[in-house]
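Letter by letter, the chains look like this.
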Amino acid sequence: MGGAPFFCAQIAIVRKKVYNKGRFYDLHERRRPDESRDRKQCAAVVGQSVLCGVESVLLDHKKLSDGEARLDLPDAGLDIGAAVLRCDDEPVPGQAGPAGVLDGPHQQFFNFFLVELTLLFFHYYICAMLLTPEENAALKRVKVVRAVCCVGLALVIVSQFTGLYYTFDASNVYHRTAWYPISMIVPMVAMALDGSLLLQYRARISRGMFLATGSYLVLPLLAISIQIVHYGLALVDLAIGAAMVLMFLVSIKEQNEEMLRLETSRAHLAEKLDIATVLNRCVEKLSGGGHDLDKATHDLLGVINDYFRADRSYVYELNAANGIAVNTHEFVRDGVSAEKDNLQKVPVEIIASWLEAFERDGIYFMEDVRQVKGTELYAMMQQQNVQRLLAVPLRRETRIIGFLGVDNPREHSHDPTLLSSLQFFVTNSLEQKKVQEKLYRLSYRDTLTGLDNRNRYMELLEAGKENALKQVGGIYMDLNGLKRCNDCFGHAAGDALICRAADALNDVFPGEACRIGGDEFVVICCPVTQEKFEQQVEALRAALVRHQVDAAIGSFWQSLVEDLPAFLREADDRMYREKERQKRAARPSV
């Protein structure tokens, strides 16, 4: 209901009409009120009535700005009618009898007329509240109520000219006629039919609104029944006023609850939209990273970090064989220290409570680091300045293989929806990275020694053709006696010899050696000073002796290399010259 002006006016009507009704019956005992006071009171009442009317229109018109399609005409009618009734029932100085702003006969006409009109507006109100437009147009009871209300209005008009309901004598004293009960029966019939509608469709409204609306029917009907036989008090007005106040309170309560529900729903929708937008950005980062999945995962963690306004976001992978968790990816906010290098071998026992929470709840949320005080986890969190964190597991089928988390989230800390939505994508990215690494090993790694293979070597040569290199050291190495070892001791012994040679190379040049043939190896160091390179060459010769490997080595260093293949050919030539010297010296090859 638009309600507030109407209810305030109804209370005033009841208060004044109880007084006025008493005046109607004992005209000789009524004393003339003070004219000065009455002028002020009349001016105040007229002003209040105008304000009530304006406020009712504004309140109902506000619905337009709140998204409703049109003005609620029954509601506005109830409010404006109340404002008119408020204006109609006050004394005016200088008039005899029970006069208000209008004289007695006209005042009674408006009272009866507006009661019937208010009932009609109430009927439209409950129809709009209970019925669909199709039901509103089809139900016979709706048509009957409207016809009864129109008959009631017509009888009020007839009564004004014929004295059907009431008369005023020469002394301006109000008298009921024998037909007066009709003015009560007509609204009772309409209210009864409206009550049947309310009972039939009560499931469409709340219990509170059903009881409040029902009171508008029950209380006036009860008052009418009493007032037919008891002549003196405006019980109908009192009943309507009480019912309206109740309806107003219930309506306001339900509107507030609905507004709260809508605001909550709107907030939830906005949050879901925000999560969906961020999720799209995350997927875009992962899918747009191409073959560089490490960079794609780092960019993804950046988006997550921004969403939570966190200090860090990270991915850990579990190494079940070694019982450790490894921080494989990390993104840190500006001004926050990176901890990835310090968290490469975190014992699983320290985060055992996390894993239990992952299995039990699907998330781990630490509201305050003090809740784990006295544990190794607390000490680790203190070192990283972590006060709270949120993490979700990464699973391969049902097995936990790692987790995704954020440190010190400032927003959405209690909502793991985004992290949970990303579990699959992050796990899939980690799986793709493992596949990439495997393919890389197959494509660029020698399966026997673990060194880079000839494919990697050719790739380095192509890169060296396009860019000049500075301070480059190159080594060609060829094993002596591999064929004899294979022939005499079998290929397993030959493979062992190759692996020992690879171990010697890894001891001195980790990650820089390539096996380009059965017994041929190449090392490319860049950048490296000549002095250091020569020291490494001597260290390699010593390592070969330790690993019991006989090999010919050709080494070459150059400050600027513009043609890498030509540079390596020089190292190859030097290797062959050394091999010839070794043959002349007749060294044993095994």
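Residues numbered from 1 in each chain as written. Predicted model: local features only at pLDDT ≥ 70, side-chain atom pairs only at ≥ 80, totals over all residues. Heavy atoms only, no water.

(A) Examining the overall build of the protein more closely. Looking only at helices and strands, the protein features 18 helices and 12 strands. The burial tally for the protein puts 44% of its 590 residues in the buried class. Considering only contacts within the protein whose residues lie at least 6 apart along the sequence, 66% involve residues at least 24 apart. For the protein, the computed accessible surface area is about 30500 Å², with 57% contributed by carbon and sulfur atoms. (Helix = DSSP H or I, 4+ residues; strand = E, 2+ residues; numbered from the N terminus. Buried < 20%, exposed > 50% of the residue type's maximum accessible area, 1.4 Å probe, protein only. Contact = heavy atoms within 4.5 Å. Areas by Shrake-Rupley, 256 points an atom, 1.4 Å probe, with all protein chains shown as cover.)

(B) The sheet that holds strand 6 (residues 364–366), seen in detail. Strand order across the open sheet formed by six strands is 5-4-3-8-7-6, with antiparallel pairing between neighbours. Two strands bound the open sheet, and with one partner strand each, they are strand 5 (346–347) and strand 6. Both strand 6 and strand 7 (residues 389–396) contribute to a ladder of three bridges, which runs antiparallel. Note that in strand 7 the partner of Phe365 across the bridge is Leu390. The strands that helix 10 (residues 293–308) touches are strand 3 (312–319), strand 4 (324–332), strand 7 and strand 8 (399–407); relative to strand 4, the one it contacts most, it runs at about 70°. (Pairing = 2+ DSSP bridges. Axes fitted to C-alpha atoms, helices over the stretch in contact; angles between N-to-C directions.)

(C) Up close: the pattern of salt bridges. For the structure on display, the rule yields 27 salt bridges. Put simply, Arg396 and Glu431 hold a salt bridge, and the shortest N to O gap is 2.3 Å. Pair noted here: Arg396 is in strand 7 and Glu431 is in helix 13 (residues 417–444), with a separation of 35 residues, a long-range link. Judged by its relative accessible area of 28%, Arg396 is partly exposed. As a salt-bridge pair, Arg577 and Glu570 come within 3.8 Å of each other at their nearest N and O atoms. Note on Glu570: relative accessible area 26%, which makes it partly exposed. (Salt bridge = Lys/Arg side-chain N within 4 Å of Asp/Glu carboxyl O.)

(D) Broad picture of the confidence of the model for the protein. Residue-level pLDDT values for the protein average 78, and 76% of them are 70 or greater. Note on residues 37–74: pLDDT is under 50 here. Beyond four places in sequence and across chains, it has 44 contacts. Segment residues 82–102: pLDDT under 50, and 71 contacts once partners within four positions in sequence are set aside and those in other chains are kept. (pLDDT = per-residue confidence, 0-100.)

(E) Layout of the packing of aromatic side chains. Counted under the stated rule, the structure contains 14 aromatic pairs. Between Phe112 and Tyr166, the aromatic rings sit 5.3 Å apart at their centres with planes inclined by 25°, giving stacked as the arrangement. Of the two residues, Phe112 is situated in helix 4 (residues 104–130) and Tyr166 in strand 1 (residues 166–168); the sequence distance between them amounts to 54 residues. When its relative accessible area of 4% is taken as the criterion, Tyr166 is described as buried. Where Trp354 meets Phe403, the ring centres are 5.3 Å apart and the plane angle is 65°; that geometry is what we call edge-to-face. Note that Trp354 is positioned in helix 11 (residues 352–361) and Phe403 in strand 8, a separation of 49 residues in sequence. By the burial criterion, Trp354 is buried, and Phe403 matches it. Taken together, the ring pairs in this structure connect Tyr314, Tyr316, Trp354, Phe358, Tyr364 and Phe403 into an aromatic cluster. (Phe/Tyr/Trp six-rings, centres within 6.5 Å; stacked < 30°, edge-to-face > 60°.)

(F) Region of the structure containing the sheet that holds strand 9 (residues 469–479). Strand order in the open sheet formed by four strands is 10-11-9-12, with antiparallel pairing between adjacent strands. Every other strand in the sheet has two partners, leaving strand 10 (513–515) and strand 12 (551–561) as the edge strands with one partner each. Each neighbouring strand pair of the sheet contributes to a mean axis angle of 15°, computed without reference to strand direction. Of the strand pairs in this sheet, strand 9 and strand 12 are connected by 10 bridges, and their pairing is antiparallel.

(G) Broad picture of unusual backbone geometry. Following Cys526, the chain continues to Pro527 via a peptide bond in cis, the omega torsion being -5°. Looking at where Pro527 falls in the secondary structure, it is placed in the loop between strand 11 (520–525) and helix 17 (530–546). Despite not being glycine, Arg309 has its phi angle at roughly 50°, a positive value. Note on placement: Arg309 falls in the loop between helix 10 and strand 3.

(H) Just the pairing of strand 3, in detail. In terms of residue burial, strand 3 counts as a mostly covered element, since six of its eight residues are buried. The sheet contact formed by strand 3 and strand 4 spans eight bridges and is antiparallel. Paired with Arg312 across the bridge in strand 4 is Val332. Counting the residues in the hairpin turn of strand 3 and strand 4 gives four residues, including Gly323, whose phi is positive at 65°. Taken together, the six bridges between strand 3 and strand 8 define a ladder with antiparallel strand orientation.

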